[in-house]
Amino acid sequence: QVQLVESGGGLVQPGGSLRLSCEASSRIVSIFSIYDGAWYRQAPGKQRELVAIITKRGSTNYTDSVKGRFIISRDNAQNTMYLQMNSLTSEDTAVYYCNLERTWMGRKYDYWGQGTQVTVSS
């Protein structure tokens, strides 16, 4: 069983920065080297969207709207994933969720955090 806890959200002015953290509680050591990690977000009245992914091999990808502004990373020793968010705009206001996923022996393992609110406003 894996539990994910996000932190680091809050209120920030346009143009500001925040760093979100996602700590995984598990008996698995270096869980991010086994699972693909991702950050999603959901704004009011909108569907949840994928923001950034980091594969178990360390490859990263981003949705177009955050490319060049957000950076996804992880610390395998700390079982923690991060999302560094820079040059924030009001369009980035949403609840941000972290996700771990793997498929093993034909079974999909999918875990979500509880979400952390990010509000960009002056």
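Numbers given to residues run from 1 along each chain, matching the order in which its sequence is written. Given that this is a predicted model, residues contribute local features only at a pLDDT of at least 70 and side-chain atom pairs are listed and counted only at 80 or more, while totals for whole chains, interfaces and linings are drawn from all residues. Only hydrogens and water are removed before side-chain values are computed, so all heavy atoms of the structure are retained for them.

> Can you help me understand the overall build of the chain in this one?
Runs of H or I in DSSP of at least four residues are treated as helices and runs of E of at least two as strands, each being numbered from the N terminus. Scanning the chain from N- to C-terminus turns up zero helices and eleven strands. Along the chain direction, N to C, the helices and strands of the chain fall in the order β-β-β-β-β-β-β-β-β-β-β. We compute the radius of gyration over the C-alpha atoms and compare it with the globule rule, which gives 2.2 Å times the number of residues raised to the power 0.38. Relative to a compact globule of 122 residues, whose C-alpha radius of gyration would be 14 Å, the chain shows 14 Å and is just as compact. By residue count, 40% of the 122 residues in the chain fall in the buried class. Within the chain, contacts between residues at least 6 apart in sequence are counted, and of these 53% link residues at least 24 apart. Only the protein chains shown count as covering a residue, and every accessible area follows the Shrake-Rupley method with a 1.4 Å probe. Carbon and sulfur atoms provide 45% of the accessible area of the chain, an area that totals close to 6800 Å². When charges are tallied, Lys and Arg are placed among the positive residues and Asp and Glu among the negative ones, while His and the ends of the chain are skipped. By convention, the charge on Lys lies at NZ, on Arg at CZ, on Asp at CG and on Glu at CD. Taken as two groups, the 13 positive and 10 negative side-chain charges of the chain have centres that lie 6 Å from each other. For each residue, the accessible area found with a 1.4 Å probe, counting protein chains only, is set against the maximum for its type, and the residue is called buried under 20%, exposed over 50%, and partly exposed in between. Only heavy atoms matter for contacts: two residues are in contact if any of them lie within 4.5 Å across the pair.

> Just to check I follow, could you spell out the packing of aromatic side chains for this structure?
Here the distance between the centres and the angle between the planes together describe a pair of aromatic rings. Each aromatic pair joins two rings of Phe, Tyr and Trp (for Trp, the six-membered one) with centres within 6.5 Å, and gets the label stacked for planes under 30 degrees apart, edge-to-face for over 60, and tilted for any other angle. Under the defined criterion, the tally for this structure stands at two aromatic pairs. A ring has a charge above it when a Lys NZ or an Arg CZ is no more than 6 Å from the ring centre and no more than 35 degrees off the ring normal. The ring of tryptophan 112 is capped by arginine 48, whose NZ or CZ atom sits 4.7 Å from the centre of that ring.

> Just checking my understanding: could you explain the sheet that holds strand 8 (residues 80-85) for this structure?
Ordered by their spatial adjacency, four strands build an open sheet running 1-3-8-7, and the pairing between neighbours is antiparallel. Because the sheet does not close on itself, it has two edges, and the strands there are strand 1 (3-7) and strand 7 (70-75). Taken over all neighbouring pairs, the strand axes of this sheet differ in orientation by 15° on average, direction set aside. One ladder, built from five bridges, connects strand 1 with strand 3 (residues 18-25); its direction is antiparallel. Of the residues in strand 3, the one forming a bridge with serine 7 is serine 21. One bridge is not enough; two strands pair if DSSP finds at least two bridges between them. Every angle, taken between N-to-C directions, lies between 0 and 180 degrees, and every axis is a line fitted to C-alpha atoms, over only the stretch in contact when it is a helix.

> What is the right way to read the environment of tyrosine 62 from this model?
Summarising the element assignment, tyrosine 62 is placed in strand 6 (residues 60-62). For tyrosine 62 and glycine 113, which are 51 residues apart along the polypeptide, the C-alpha to C-alpha distance reads 19 Å. In contact with tyrosine 62, other than residues within four places in its own chain, are Val51, Ala52, Lys67, Phe70, Ile71 and Ile72. Whenever two N or O atoms come within 3.5 Å, that pair is a polar contact, provided that in protein one can donate a hydrogen and the other can accept it, and provided that, for residues adjacent in sequence, both atoms are side-chain atoms. In terms of polar contacts, tyrosine 62 uses its side chain to reach the backbone amide nitrogen of isoleucine 72, at 2.9 Å.

> Please clarify how the pattern of salt bridges should be interpreted in this entry.
Think of it this way: side chains of opposite charge can pair up when their charged atoms draw near. Just to be clear on terms, a salt bridge is a Lys or Arg side-chain nitrogen sitting within 4 Å of an Asp or Glu carboxyl oxygen. Under the criterion given, the structure shown has five salt bridges. A salt bridge links aspartate 92 to arginine 69; the nearest nitrogen and oxygen atoms lie 2.8 Å apart. Placement of the pair is aspartate 92 in the loop between strand 8 and strand 9 (94-104) and arginine 69 in the loop between strand 6 and strand 7, with a sequence separation of 23 residues. The pair aspartate 92 / arginine 69 is uniform in exposure class, with both members buried. One network of salt bridges, in which partners are shared, links Arg41, Glu49, Arg69 and Asp92.

> When you look at the state of the cysteines in this model, what are you seeing that I'm missing?
Here, disulfide denotes a covalent bond that connects the sulfur atoms of two cysteines. Two cysteine sulfurs form what is called a disulfide whenever their separation falls within 2.5 Å. Inspection of the entire model under this criterion finds one disulfide. Bridging cysteine 22 to cysteine 98, the disulfide has an S-S length of 2.1 Å. Looking along the S-S bond of the cysteine 22-cysteine 98 disulfide, the torsion reads about 60°, which is the right-handed sense. Of this pair, cysteine 22 sits in strand 3 while cysteine 98 sits in strand 9; the two residues are 76 residues apart in sequence, bridging distant segments of the chain. For the pair cysteine 22 and cysteine 98, one class covers both residues: buried.

> What's the story with the side chain of threonine 116 in this structure? I'm lost.
Mapped onto the elements of the fold, threonine 116 is located in strand 11 (residues 116-120). Among the residues examined, threonine 116 registers a relative accessible area of 11% and is labelled buried. At a separation of 3.3 Å, a polar atom in the side chain of threonine 116 contacts the main-chain amide nitrogen of glycine 9. Once residues within four sequence positions are removed from consideration, threonine 116 is found in contact with Glu6, Ser7, Gly8, Gly9, Leu20, Ala94, Val95 and Tyr96.

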